[in-house]
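Read off the chains here:
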Amino acid sequence: QVQLVESGGGLVQPGGSLRLSCAASGIIRSINTMGWYRQAPGKQRELVATITSGRSTNYADSVKGRFTISRDNAKNTVYLQMNSLQPEDTAVYYCNLRILMTNYWGQGTQVTVSS
């Protein structure tokens, strides 16, 4: 079965940077969309960024210019480079893989932005 494993979360000061990685394993259709979502306590999960297998990207307005999503199709891995981090970026970040109408989710990785 398809599995997603995130890594790279941690504690960083405001203005700092962090790079998240998510590796997918299993039988994966080559045409798909991978992305990052985040959820803070008391809030709903929200989209951060997505990238198709053709490398078309989409970003939430709140992270445009600060975050960059990329992927390595050969490794079925998606990355999220996060720069100029702010306290409001604090959340659990989840990796997502969508194949047709099916969504797969990682276990999440904690990102905390605090001085």
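Provided above is the structure to which this section pertains.
Residues numbered from 1 in each chain as written. Predicted model: local features only at pLDDT ≥ 70, side-chain atom pairs only at ≥ 80, totals over all residues. Heavy atoms only, no water.

> Describe unusual backbone geometry, naming the residues involved and giving the relevant values.
Positive phi is not limited to glycine here, since Ser-84 has a value of about 50°. Position of Ser-84 relative to the elements: it lies in the loop between strand 8 (77–82) and strand 9 (91–99). Even without being a glycine, Leu-100 presents a positive backbone phi close to 55°. On the secondary structure map, Leu-100 appears in the loop between strand 9 and strand 10 (102–105). (Helix = DSSP H or I, 4+ residues; strand = E, 2+ residues; numbered from the N terminus.)

> An account of the packing of aromatic side chains is requested, with residue identities and associated values reported.
Per the counting criterion, the structure on display carries one aromatic pair. Aromatic side chains Tyr-37 and Trp-105 sit 5.1 Å apart centroid to centroid with 70° between the ring planes, which places their arrangement in the edge-to-face category. Here the residue Tyr-37 occupies a position in strand 4 (residues 33–39), and Trp-105 occupies one in strand 10, the gap between them amounting to 68 residues. When the ring centre of Tyr-94 is taken as origin, the NZ or CZ atom of Arg-45, which lies over that ring, is 4.1 Å away. A cation over a ring is seen here: Arg-45 above Trp-105, with NZ or CZ 4.4 Å from the ring centre. (Phe/Tyr/Trp six-rings, centres within 6.5 Å; stacked < 30°, edge-to-face > 60°. Lys NZ or Arg CZ within 6 Å of the ring centre and 35° of its normal.)

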